[in-house]
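Observations on the three-dimensional arrangement
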Amino acid sequence: MSRFDDAAQPGQFLPSLAEGERVTVMLAAFEGWNDAGDAASDALKYLHKHWGASKVAKIDAEEYYDFQFTRPVIKRNSEGLRKVKWPSTKLSRVSLPNSQVDVVFVHGIEPSYRWRAYTEELLQHAEQQGVDSLVLVGALLADVPHSRPIPVTSTSDDDRFRERLNLEAPQYEGPIGIVGVLADAAARRGLPTLSLWAAVPHYVAQSPSPKAQLTLLHKIEELLQAPFETTDIVEEAEAWERGVNELATDDPEVAAYVRQLEEAKDTADLPEATGESIAREFERYLRRRGKDKGQG
């Protein structure tokens, strides 16, 4: 039984825990088709390093990868010796400071073969690590402007998460990557699963994508209720946005396209002119008016 079966406050991802209790969350991201701009895998690499996670398991690459497609690389180690580094999936674990949360990181490359066996092996590791919930992190290319906040979509097939976090059930139909396969396998095992997808502007799809990475980090920070420092990523995201602005300025067609995306985004974000929204705005107006009179 997962601890996420227990009661939790509305709007909170984590369950309510008694003193001394702990909960284990698995965070997983995969390089490749599910990872536009490397935003998802870079976000988890950042947290792995920031929190000092330690490796607990590894999935052998020989069974799952086409090495002509996902090639090994050769690098020098700390002693200056050249060593072949094979593609693999690594699992690491850390207990978050000042928290009742343990995190198991999964970082790998989308496999070439035997996806069902691969996801089964991953979920066996999850069971061995006592994982209570799975959070899958991905990034996709979309028609969004780089100059606006990066959208992150949260979805879940789990009724508990949808009710608790006021989420929509996923509506997508079509080809999926390893993230979708793992989500389905976890759901069939009864492991509560949440998916986070950042939308990366398709006209700046190359890696890195620090603004999307930062948005995912903020979402994970919110879910786990575990504040962490992101100053370096904030600076990288600001520099990235300035660089894209300069590129757009130099190309009138790109600049016009970005303006079109900005207008569409801003229009979509406008509050709907419903009776409820008008009433809320009128209430805010009355509160401001009363406050101004009190100060006069």
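That block above? That's the structure.
Below, the structure is looked at part by part. Keep in mind the model is a prediction, meaning the values are calculated, not measured.

1. Section: the packing of aromatic side chains
In total, this model carries 7 aromatic pairs according to the counting rule given. Summarising the aromatic geometry, the rings of F13 and F161 are spaced 5.2 Å apart at their centres and angled 35 degrees between planes, so their arrangement reads as tilted. Separated by 148 residues along the polypeptide, F13 in the segment before β1 (23-31) and F161 in helix α3 (residues 159-165) bring together distant segments of the chain. Taken individually, F13 and F161 each receive the classification buried, so the pair is uniform in this respect. Plain terms: the ring middles of Y64 and Y118 are 5.2 Å apart, the flat faces sit at 75 degrees to each other, and that makes the pair edge-to-face. One end of the pair, Y64, is in the loop between β2 (54-59) and β3 (73-76); the other, Y118, is in helix α2 (residues 115-128), and 54 residues separate them in sequence. Three or more aromatic residues link up through ring pairs in this structure, and these residues are F30, Y64 and Y118.

2. Focus on the nonpolar core
Generally speaking, nonpolar side chains in soluble globular proteins are found buried as a group. One finds F13, V25, L27, L47, W51, F105 and L224 to be the most contacted residues of the largest nonpolar core, which totals 43 residues. Secondary-structure elements contributing two or more residues to this core are β1, α1 (39-51), β6 (101-109), β7 (133-142), α3, β9 (193-201), α5 (210-224) and α6 (231-250). The residues touching W51, leaving out its near neighbours within four places in the chain, are V94, L96, P97, F105, L224, A226 and F228. Grouped together as the second largest cluster of nonpolar side chains are 26 residues, L122, A126, L136 and V179 included.

3. Comments concerning the pattern of salt bridges
Scanning all chains against the criterion turns up 13 salt bridges. Through salt bridges with shared partners, one network takes in R22, R93 and D102.

4. What about the sheet that holds β2?
Strand order in the open sheet made by the 7 strands is β2-β5-β6-β1-β7-β9-β8, with mixed pairing throughout. Of all strands in the sheet, those with a lone pairing partner are β2 and β8 (152-155), marking the two edges. Looking at each pair of strands side by side, their axes are set apart by 20 degrees on average, direction ignored. Pairing of β2 with strand β5 (residues 89-95), which is carried by 5 bridges, proceeds in the antiparallel orientation. Across the sheet, the residue bridging to K55 is S92, located in β5. Along the sheet face, α2 touches β1, β2, β5 and β6 and points at about 150 degrees away from the line of β2.

5. So, the side chain of S92
Within the fold, S92 resides in strand β5. S92 gets classed as buried once you look at its relative accessible area, which sits at 5%. Within the structure, the side chain of S92 is placed 3.1 Å from the side chain of H48, a separation counted as a polar contact. In this view, S92 contacts H48, A53, S54, K55, V56, V103, V104 and F105; residues no more than four positions away in its chain are not counted.

Criteria and cut-off values
Residues numbered from 1 in each chain as written. Predicted model: local features only at pLDDT ≥ 70, side-chain atom pairs only at ≥ 80, totals over all residues. Heavy atoms only, no water. Phe/Tyr/Trp six-rings, centres within 6.5 Å; stacked < 30°, edge-to-face > 60°. Helix = DSSP H or I, 4+ residues; strand = E, 2+ residues; numbered from the N terminus. Buried < 20%, exposed > 50% of the residue type's maximum accessible area, 1.4 Å probe, protein only. Core = buried A, V, L, I, M, F, W, Y, C linked by side-chain atoms within 4.5 Å. Contact = heavy atoms within 4.5 Å. Salt bridge = Lys/Arg side-chain N within 4 Å of Asp/Glu carboxyl O. Pairing = 2+ DSSP bridges. Axes fitted to C-alpha atoms, helices over the stretch in contact; angles between N-to-C directions. Polar contact = N/O pair within 3.5 Å; in protein donor to acceptor, adjacent residues only side chain to side chain.

Nothing here speaks to function; it is all geometry.
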